[in-house]
Amino acid sequence: MVDARALARRKERPKRVKMLVRDFIDGRGRSRSTDSLYNPNYGFFTKFAVIFSAEKPFTFNLIRDENEFQRVLGERYTSFEDKLDEVVMNPVRQLWHTPTELFKPYYGEAIARYLVENYKLTLFPYSDLIIYEMGAGNGTMMSNILDHVRDTEPDVYQRTKYRVIEISENLASLQRVKAAAGGHSEKIEITNKSIFDWNTYVSDPCFFLALEVFDNFAHDIVRYDPQTEQPLQGIVLIDAAGDFTEFYTPKLDPTAERYLRIRQKVARPGYNHPLKGPKLIRRLKDQLTPFSENLTIPEYIPTKMLGFFDILREHFPAHRLVVSDFHALPDTVRGINAPVVQTRYNRTSIPVTTPFVQQGLFDILFPTDFEVMDDMYKAMTGKLTRVMKQEDFLRSWAYLEETETINGDNPMLNWYKNASVLSSV
């Protein structure tokens, strides 16, 4: 049995071991590095993932409609990757994009308006505007926010401090370069570590941005005995040939047991769950279905999210959280709250049907149940919150005319209808 700390030391993919599913997927635990997604030697984000970044913003007002935007984006994607291939060819390069990059600077400016308005309502001029961003990618959100505050609220800009918590050394270096290029070097501080290694107490009021990071938080797998409703936790075994086998044990590890216990106490009724519905009807279905499985379908539980909320409660007691992420995803693997698992080969995306795939070469992307997450966050931190669709958030804070095409389409609203935003006070 190996855990995250043992996996982080490995330079090659492990064999003849077994581990919890969250350690296989991510494994950050209390270590800096991880396995499938973050191992420093073969992890997805450390070795294969590249974030698409357009050289200049899209001029939406000169684009005919969303179809033309799709075509223009495809051309820029091709050009972006052609330049990468001129440096080094890589058929398994994992290229992906974010709303921050596609709709820069407009998406970042919407976040900036939200931050500034709420800061001015309650903290200005008695406290600084302190912004923490976890996993800042290319540094685009950081630059867009600081540019906007400097250009529109110079008094607030004087009081602004932007602090990035970044696990990737390469991205941390890129963020420093981008901050310097924008003239913001004195405003930023970059801590090159995992948020799960954070041990500094921050008493100051601050805003904490977690934008599209929950989708890559590690999850555990739980299946239930339909008769006793007992949960069993998934473990993955990797044999000498490197093949994967999953099995289930009734002995839950403390983190999974704690997640299920808290959710049972605080989540509003009706959340999606393998045991949802009357017990008698479930038993009848099992009896009438030939060769039915002796366990329910898998449920993926966000145990890493629990640890993140612990960090916020213990080390950032005066924080205000802003989370944006996917509340639903297409083409997921089988199960409740199940992820999309996909790779990219020769510029073509290839989805697969299991998360147990060669570590590093596949993205594992989870949806977030915002209602359950909201209930657990409130219970663990005592904060008041608001959840809304990302489209509604942007309607409140973005200048929508800037991302509107000639025929009235608005890709920034339409492309991420499966995303939501949680904010706290």
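Our subject is the structure listed above.
Presented here is an overview of the structure given in this document. Since we're looking at a predicted model, the values are computed, not measured.

Cut-off values and rules
- Residues numbered from 1 in each chain as written.
- Predicted model: local features only at pLDDT ≥ 70, side-chain atom pairs only at ≥ 80, totals over all residues.
- Heavy atoms only, no water.
- Salt bridge = Lys/Arg side-chain N within 4 Å of Asp/Glu carboxyl O.
- Phe/Tyr/Trp six-rings, centres within 6.5 Å; stacked < 30°, edge-to-face > 60°.
- Helix = DSSP H or I, 4+ residues; strand = E, 2+ residues; numbered from the N terminus.
- Lys NZ or Arg CZ within 6 Å of the ring centre and 35° of its normal.
- Pairing = 2+ DSSP bridges.
- Axes fitted to C-alpha atoms, helices over the stretch in contact; angles between N-to-C directions.
- Contact = heavy atoms within 4.5 Å.
- Expected span 1.5 Å × (residues − 1).
- Buried < 20%, exposed > 50% of the residue type's maximum accessible area, 1.4 Å probe, protein only.
- Polar contact = N/O pair within 3.5 Å; in protein donor to acceptor, adjacent residues only side chain to side chain.
- Left-handed = near helix turned anticlockwise from the far one by under 90°.
- Nonpolar A, V, L, I, M, F, W, Y, C, P; charged D, E, K, R; others polar.

Now for the pattern of salt bridges. Within the structure shown, the criterion is met by 31 salt bridges. Several salt bridges converge on common partners, so that one network encompasses E81, D82, D85, R93, R344 and R347.

How two aromatic rings sit relative to each other is given by the distance of their centres and the angle of their planes. Going through the model one piece at a time under the given rule, you end up with 30 aromatic pairs. Seen in terms of ring centroids, F52 and F80 are 5.3 Å apart; in terms of plane orientation they differ by 70°. Their pairing is edge-to-face. Here F52, found in the loop between β2 (49–51) and α4 (66–87), pairs with F80, found in helix α4; they are 28 residues apart in sequence, far enough to count as distant. Put simply, the rings of Y132, F196, W198, F208, F214, F217, F308, F309, F316 and Y377 pair up and form one aromatic cluster. Cation over ring: R113 sits above Y399, and NZ or CZ is 3.5 Å from the ring centre. The aromatic ring of Y157 is capped on one face by K187, whose charged end is 4.8 Å from the ring centroid.

On to the sheet that holds strand β17 (residues 419–424). Strand pairing in a sheet is mediated by backbone hydrogen bonds. Such pairs are either parallel or antiparallel. In space, the seven strands of this open sheet follow the order β6-β5-β4-β7-β12-β17-β16, with mixed pairing throughout. Looking at the sheet topology across the chains shown, the edges are occupied by β6 (188–191) and β16 (385–389). Looking at each pair of strands side by side, their axes are set apart by 15° on average, direction ignored. Two strands pair when backbone bridges link them, and strand β12 (residues 319–326) and β17 are joined in this way by five bridges, in the antiparallel orientation. The residue bridging D325 from the neighbouring strand is S420, located in β17. Against the sheet, helix α7 (residues 140–152) engages β4 (129–134), β5 (160–165), β6 and β7 (206–211), with an angle of about 180° to β5. Contacting β5 and β6, helix α9 (residues 169–181) runs over the sheet at an angle of about 175° to β6.

Spatially, β14-β13-β15 is the arrangement adopted by the three strands of the open sheet, whose pairing is antiparallel. On the outer flanks of this sheet lie β14 (348–352) and β15 (363–365), each paired with one strand and no other. On average, each strand axis in the sheet is inclined to that of its neighbour by 30°, with strand direction left out of account. Where strand β13 (residues 340–345) lies against β15, three bridges are found, and the strand directions are antiparallel. The residue of β15 that forms the bridge with Q342 is D363.

Here the focus is helix α6 (residues 106–122). For α6, with 17 residues, the first-to-last C-alpha span of 25 Å sits near the 24 Å given by 1.5 Å per residue. The element α6 is extensively covered by neighbouring structure, given that 13 of its 17 residues are classed as buried.

Let's shift gears to unusual backbone geometry. A cis amide bond links K104 with the next residue in sequence, P105, at an omega value of -5°. For P105, the position within the fold is in the loop between α5 (99–102) and α6. Geometrically, the link from F124 to P125 is a cis peptide bond, its omega value of 5° lying close to zero. In this structure, D331 takes a positive phi of about 60° despite not being glycine. Positionally, D331 belongs in the loop between β12 and β13. Taking the relative accessible area as the measure of exposure, D331 reaches 61% and is therefore exposed. In this structure, N346 takes a positive phi of about 50° despite not being glycine. You can see N346 is positioned in the loop between β13 and β14.

Quick look at the side chain of T140 now. With respect to the secondary-structure elements, T140 resides in helix α7. Owing to a relative accessible area of 4%, T140 belongs among the buried residues under this scheme. Within the structure, the side chain of T140 is placed 3.3 Å from the side chain of K178, a separation counted as a polar contact. Non-local contacts of T140, meaning those with residues more than four positions away in its chain, are made with T100, E101, K104 and K178.

We now examine the pairing of β7. Among the six residues that make up β7, six are buried, leaving the element largely enclosed by the rest of the structure. The pairing of β4 with β7 spans three bridges and is classified as parallel. Bridging across to β7, I131 finds its partner in F207. Summarising the sheet, β7 and β12 pair through six bridges and their orientation is parallel. What sits directly across from L211, in β12, is S324.

This next bit is on the packing of helix α12 (residues 303–315) against helix α13 (residues 370–381). What describes two packed helices is the angle between their axes and the distance between those same axes. Interaxial distance between α12 and α13 falls to 10 Å at its minimum, and their mutual angle equals 35°. Along this stretch, α12 crosses α13, giving a crossing that reads as right-handed. Packed against α12, whose contacting residues are M305, L306, F309, D310, L312 and R313, the element α13 presents M373, M376, Y377, M380 and T381 at the interface. In terms of residue class, the contact of α12 with α13 is made up of eight nonpolar, one polar and two charged.

Moving on, we get to α13. Taking 1.5 Å per residue, 12 residues should reach 16 Å; α13 reaches 16 Å between its end C-alpha atoms and fits that length. Counting buried residues in α13 gives nine out of 12 residues, a clear majority hidden from the surface. The backbone nitrogen of E371 lies 3.2 Å from a side-chain oxygen of the residue at the head of α13, namely D369. Downstream of α13 by one or two residues, G382 has phi in the positive range, about 75°.

Our next topic: the side chain of D375. Relative to the helices and strands, D375 is located in helix α13. In this view, D375 contacts V266, A267 and R268; residues no more than four positions away in its chain are not counted.

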